[in-house]
Structures are given as structure tokens and as C-alpha cells.
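# Report on the structure
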Amino acid sequence: KIVFPVRDPPKPAPKVSKVLLLGSGGTSIGQAGEFDYSGGQAIKALKEEGKEVVLMNPNIASVQTNMDDKSEFKADHVFFLPVTPEFVEEIIKKEKPDGIV
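Quick summary incoming for the structure in this document. Keep in mind that what you see is a predicted model, and the values were worked out from it rather than measured.

## A short note on the sheet that holds strand β4 (residues 99-100)
- Read from one edge of the open sheet, four strands run β3-β2-β1-β4, paired in parallel fashion. A single partner strand is all that each edge strand has here, and the edge strands are β3 (77-79) and β4.

Given below as C-alpha cells:
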């Protein structure tokens, strides 16, 4: 007979209202297309859940960084900065996100 251990009930999910989404890859057109698509989908999913999205991406040509009225789902704040520890730390201090993706 198999006896399974008794588990504690799961802890409640933390309240997350603001998320920092870190871009990656190249800083010129044609580089990091995979992240561009997946990051755009992440923004869409986070916005559908009612989260405030702060995007940090060095690539100004990224679809994720579209801020025109044609973009249904876009980040609330966009920082065109290199994704380095120093810059990420400064954005965390400024924006105070509840989570990082």
C-alpha cells in the first residue's frame, strides 16, 4: 500500500500589480527576434491580467516597444537601456516592481 505524506495547504499567491519585463539580445534591427515575439506575448498576457508593465529593452526597433495607438497591448513604461546589473538596479529603485520577468 502506498502512503502519501500529508501536505500543507498552498500559501496564497503574492499580490503583484507591477512587473518589470527585461528584454535581451541585440541592439540592432534583426537581432533577438525570438525575444521580441515572446516578450510581446508576455506584455499581452500581463496586461490581460491587469498588471502594470515596465519594459526595459535596449532595442528601439522591437515590436515590444511600440507605443502608437495601433498597439492594443503595450508596456506602461518603456526604458531604452542596456540590460546590465547597474541599469536594472536603477530601474528597480525607480519603479519598485513587485516582480521581474
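## Some details on unusual backbone geometry
- A positive phi angle, near 50 degrees, is found at Lys 96, a position not held by glycine.
- Checked against the element boundaries, Lys 96 lands in the loop between α2 (85-95) and β4.
- You can call Lys 96 exposed: its relative accessible area is 61%.

## Quick notes on the nonpolar core
- Val 19, Leu 21, Ile 43, Leu 46, Val 53, Leu 55 and Ala 75 together form the largest nonpolar core, which totals seven residues.
- Residue assignment for this core shows that the elements contributing at least two residues are β1 (18-22), α1 (33-48) and β2 (52-56).
- Among the nonpolar cores identified, the runner-up in size contains six residues, and Met 56, Phe 79, Val 88 and Ile 91 belong to it.

## Some thoughts on the pattern of salt bridges
- Taken as a whole and assessed by the stated rule, the structure comprises six salt bridges.
- In this structure, Glu 95 engages Lys 18 in a salt bridge whose closest nitrogen and oxygen atoms are separated by 3.0 Å. Placement of the pair is Glu 95 in helix α2 and Lys 18 in strand β1, with a sequence separation of 77 residues.
- Here Lys 18 falls in the buried class, since its relative accessible area comes to 14%.

About the cut-offs
- Each chain carries its own residue numbering, running from 1 in the direction its sequence is written.
- Where local features are concerned, this predicted model is filtered to residues with pLDDT of at least 70; where side-chain atom pairs are given and counted, the filter is 80 or more; whole-chain, interface and lining totals use all residues.
- For the side-chain quantities, the full set of heavy atoms in the structure was used; hydrogens and water were omitted.
- At least two bridges found by DSSP between two strands are what make those strands a pair.
- By the criteria applied, helices consist of DSSP H or I runs no shorter than four residues and strands consist of E runs no shorter than two, each listed in order from the N terminus.
- Exposure categories follow from relative accessible area, calculated using a 1.4 Å probe and restricted to protein chains: below 20% of the type maximum is buried, above 50% is exposed, and the middle band is partly exposed.
- Each nonpolar core is a collection of buried residues, namely Ala, Val, Leu, Ile, Met, Phe, Trp, Tyr and Cys, held together in the definition by side-chain atoms within 4.5 Å.
- Salt bridge criterion: a side-chain nitrogen from Lys or Arg within 4 Å of a carboxyl oxygen from Asp or Glu.

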